[in-house]
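# A structural walkthrough
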Amino acid sequence: MHELFLIGNRILGTLETYGYKGYFVGGCVRDHHMQRAINDVDITTDALPDDIERIFERTVDVGKEHGTIIVLIDDIPFEVTTFRTESGYSDFRRPDQVSFTNQLNSDLERRDFTMNAMAMDENFEILDPYGGMKDIEEQVIRTVGCPEERFNEDALRMLRAARFAAHLEFHVAPETENAMAAHAQNLEFVAVERCVVELDKLYRGAGVKAAKALMVKTRLKAHLAFLENIGDEDFLDTDVRSLENEIALQMWRNPGLEPHLHELKLSNDMKREIKDTTRLIGMLHRPSTIKEVAYGHDMKILKNASEIVELNTFTESKEKKDLLKSAIELKPQLPISDISDINLDGNMLMQLFNARGGRWIRKVFSAVEEKILDGSLKNDTKIIMEWVEAHVEYEAGDI
Ligand code: ATP
Ligand code: MG
């Protein structure tokens, strides 16, 4: 039994001592049954949030109104959530009302798919009122209850179906898939941040190609920010393993997509990563040196670009692909990874030449940078200063 379940079992035991029931629930039970890696273990209980806070020594309130309290055991956080039902989804996304219940089955019933609606008790017996185990056996993703209703309640579930299809390499049950096709447009009511979370996971699944085909077939793609602007064929013929790389590759192919990037509301870091990757792939079309490629880009960007040119049908010559590979190898061996790594500061230069700051400082830095990179100058303050003194002449307004 996975260690997280053994530790989590102490929470179930404590709940029991106080007269409550607790179960492991959701993804961890599915993954345990499928003998897949377990990421985090969630617990569901009939204890109310205030009870949970009272019973356990270390807790964090992360969403009491939704019934969720984090309980820390040996510094490991467990999400403990009160059994709940949801009702009145008038806007295709959030329930109007969340109510607590003391029935495990009602809690399982509000969950999205049969495989995610299983619970496991303190003896590690699985409770499976909606046929999750059978569906896992048959590798089927099926909603709990009527798919039309469930997707009407929360349209994000359709995208979750595609993300689980990618992760588990399961197929979607025909009625569930038909309902996805019928309700795809409701995805437009879902907050883009929630969609990005699911898309991000989708691209990391082994079955991403099949999942993308499903998104086109059911027209989920046609109702997703940014992706809606990509032609179906262009979308299907890429082979990438991250959302960032999908976007970078598509933007490189079609610069007209860039104005739509902000629609995904990604973090600034992520947007920068995508743009840098797109720019680097573009740069490979001009003659560039390994050093230019390796030094000028973060490892993450080099790896992104390499994945894109390796996995996709590029007209690039082999040399260009090799250039990226060599740059990735060379990168850790470079004496400096950035101009700020140079052991020199502008004040020293001003003192040396008894001059005020200005553009000339930048020029000296560039010259030193080049020397350090080609291996002819050691990145040592004293040695650099000696070199500068011997090779740089300062004349006001000159450098
Ligand atoms: P993963 O291992 O990728 O985290 P997971 O099944 O744990 O998969 P989560 O998004 O962490 O997925 O959600 C936890 C559980 O909450 C799910 O297993 C499911 O039971 C329930 N759930 C999550 N989102 C929804 C939703 N939109 N509608 C209904 N149930 C949901
Ligand atoms: Mg989870």
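Here the structure is a predicted model, which means the values were calculated and not measured.

### Here's the deal with the pairing of strand S4 (residues 68-73)
- Bridging between strand S3 (residues 59-63) and S4 involves four bridges; their strand directions are antiparallel. By the bridge assignment for S4, Val60 is matched with Ile70.
- The hairpin formed by S3 and S4 contains four residues between the paired strands, and Gly67 there has a positive phi angle of roughly 95 degrees.
- Taken together, the six bridges between S4 and strand S5 (residues 76-82) define a ladder with antiparallel strand orientation. Bridging across to S5, Ile69 finds its partner in Val80.
- Taking the residues that link successive antiparallel strands as the turn, the S4-S5 hairpin has two residues, and the phi of Asp74 there is positive, at about 50 degrees.

### Topic: the site of ligand 1
- Lining the immediate surroundings of ligand 1 are Gly26, Gly27, Asn39, Arg111, Asp112, Asn116, Asp154, Leu156, Arg157 and Lys201.
- Residues belonging to the shell around ligand 1 are distributed by class as follows: one nonpolar, four polar and five charged.
- Here the shell around ligand 1 spans two domains, and each of domain 1 (1-130) and domain 2 (139-224) adds at least three residues to it.

### Looking at the domain arrangement of the protein chain
- Annotation of the protein chain at the domain level lists domain 1 (1-130), domain 2 (139-224), domain 3 (238-334) and domain 4 (339-391).
- The centre of domain 3, based on its C-alpha atoms, is set 31 Å off from the matching centre of domain 4.

### Regarding the confidence of the model for the protein chain
- Summarising the model, the protein chain shows a mean pLDDT of 92, and 95% of its residues fall at 70 or more.
- For this predicted complex, the interface score ipTM comes out at 0.99, while the overall pTM is 0.87.

### Things to note about the environment of Leu15
- Tracing the backbone shows Leu15 in helix H1 (residues 3-17).
- Distance in space between the C-alpha atoms of Leu15 and Ala390 is 76 Å, their sequence separation being 375 residues.
- With residues near it in sequence (within four places) discarded, Leu15 still touches Tyr20, Lys21, Gly22, Thr45 and Ala47.

### Comments concerning the packing of helix H13 (residues 268-283) against helix H15 (residues 299-311)
- Remark: H13 packs on H15, axes separated minimally by 9 Å, with the N-to-C direction vectors making an angle of 55 degrees. If you check the angle between H13 and H15, you find them oblique. Judged by the twist between their axes, the crossing of H13 over H15 is right-handed. Two secondary-structure elements touch here, H13 through Glu273, Asp276, Thr277, Leu280 and Ile281 and H15 through Lys300, Ile301, Asn304, Ala305, Ile308 and Val309.
- For the contact of H13 with H15, a count of residues per class yields six nonpolar, two polar and three charged.

### A few points about the nonpolar core
- Grouped together as the largest cluster of nonpolar side chains are 79 residues, with contacts concentrated most on Phe24, Ala119, Met158, Ala162, Ala165, Leu187 and Leu220.
- Not counting chain neighbours up to four residues away, the residues in contact with Met158 comprise Phe151, Met180, His183, Ala184, Leu187 and Leu220.
- The next biggest cluster of nonpolar side chains, apart from the first, holds nine residues, and it includes Leu349, Val364, Leu377 and Ile384.

### A short note on the environment of Asp374
- With respect to the helices and strands, the residue Asp374 is situated in the loop between helix H18 (359-373) and helix H19 (381-391).
- When the 10 C-beta atoms within 10 Å are taken as the criterion, Asp374 is described as exposed.
- Distance from Asp374 to Glu79, taken between C-alpha atoms, is 53 Å for residues 295 residues apart in sequence.

### A word on the sheet that holds S3
- Spatial strand order, S3-S4-S5-S2-S1-S8-S9: seven strands in an open sheet with mixed pairing. Strands with a single pairing partner mark the edges of an open sheet, and in this sheet they are S3 and strand S9 (126-127).
- Where H1 meets the sheet, its contacts fall on strand S1 (22-25), strand S2 (42-45), S4 and S5, and the angle it forms with S1 comes to roughly 150 degrees.

### A word on helix H12 (residues 243-253)
- Among the 11 residues that make up H12, eight are buried, leaving the element largely enclosed by the rest of the structure.
- For H12, every residue scored as buried is listed here: Leu243, Asn245, Glu246, Ile247, Ala248, Leu249, Gln250 and Met251.

### Points about the packing of helix H17 (residues 346-353) against H19
- Viewed as axis vectors pointing N to C, H17 and H19 meet at an angle of 40 degrees, and their least axial separation amounts to 11 Å. In terms of their interaxial angle, H17 and H19 are classed as oblique. Viewed along their axes, H17 and H19 form a crossing whose handedness is right-handed. Together, Met348, Leu349 and Leu352 of H17 and Met385, Val388 and Glu389 of H19 make up the contact between the two elements.
- Partitioned by chemical class, the residues of the contact of H17 with H19 number five nonpolar, no polar and one charged.

### Focus on helix H16 (residues 318-330)
- With 13 residues, H16 should cover 18 Å at 1.5 Å per step; its first-to-last C-alpha distance of 18 Å lies within 8% of that length.
- Residues of H16 that are buried include every one of Leu323, Leu324 and Ala327, and no others. Taken around the axis of H16, the buried residues stretch over an arc of 95 degrees, which confines them to a single face. Opposite the buried face of H16, at more than 90 degrees from it, the exposed residues are Lys318, Glu319, Asp322 and Glu329.

What counts, and where the lines are drawn
- The residue numbers shown here count from 1 along each chain, following its written sequence.
- As they are written, the chains are lettered A onward and the ligands numbered 1 onward, keeping that order.
- This being a predicted model, a pLDDT of at least 70 is required before a residue's local features are given, and a value of 80 or more before pairs of side-chain atoms are given or counted; all residues contribute to the totals for chains, interfaces and linings.
- At least two DSSP bridges between two strands are needed for those strands to be called paired.
- A run of H or I in DSSP counts as a helix once it spans at least four residues, and a run of E counts as a strand once it spans at least two, with each numbered from the N terminus.
- Near, as applied to residues and a molecule or strand, means the residue's backbone-placed C-beta atom lies within 6 Å of it.
- Only Asp, Glu, Lys and Arg are considered charged in this grouping, and only Ala, Val, Leu, Ile, Met, Phe, Trp, Tyr, Cys and Pro are considered nonpolar; every other residue, Gly among them, is considered polar.
- The domain limits used here are those given by an automatic or database domain assignment.
- One number per residue, pLDDT, summarises how confident the predictor is, and it ranges from 0 to 100.
- Placing a C-beta atom from the backbone of each residue, one calls two residues in contact when those atoms lie within 7 Å.
- The convention used is that axes are lines fitted to C-alpha atoms, helices contributing only their stretch in contact, and that angles between N-to-C directions extend from 0 to 180 degrees.
- By the definition adopted for this analysis, an angle is roughly parallel if under 35 degrees, roughly antiparallel if over 145, roughly perpendicular if from 65 to 115, and oblique otherwise.
- Left-handed describes a crossing whose near helix is turned anticlockwise from the far helix through less than a right angle; right-handed describes the clockwise counterpart.
- Buried Ala, Val, Leu, Ile, Met, Phe, Trp, Tyr and Cys residues whose C-beta atoms connect them within 7 Å together make up a nonpolar core.
- Exposure classification rests on a simple neighbour count of other C-beta atoms within 10 Å of a residue's own: a residue reaching 20 or more is buried, one at 12 or fewer is exposed, and one in between is partly exposed. C-beta atoms are placed from the backbone.
- Any helix carries an expected span of 1.5 Å times its number of residues minus one.
- Picture the helix axis, draw a direction to every C-beta atom, and the arc is the one those directions span.

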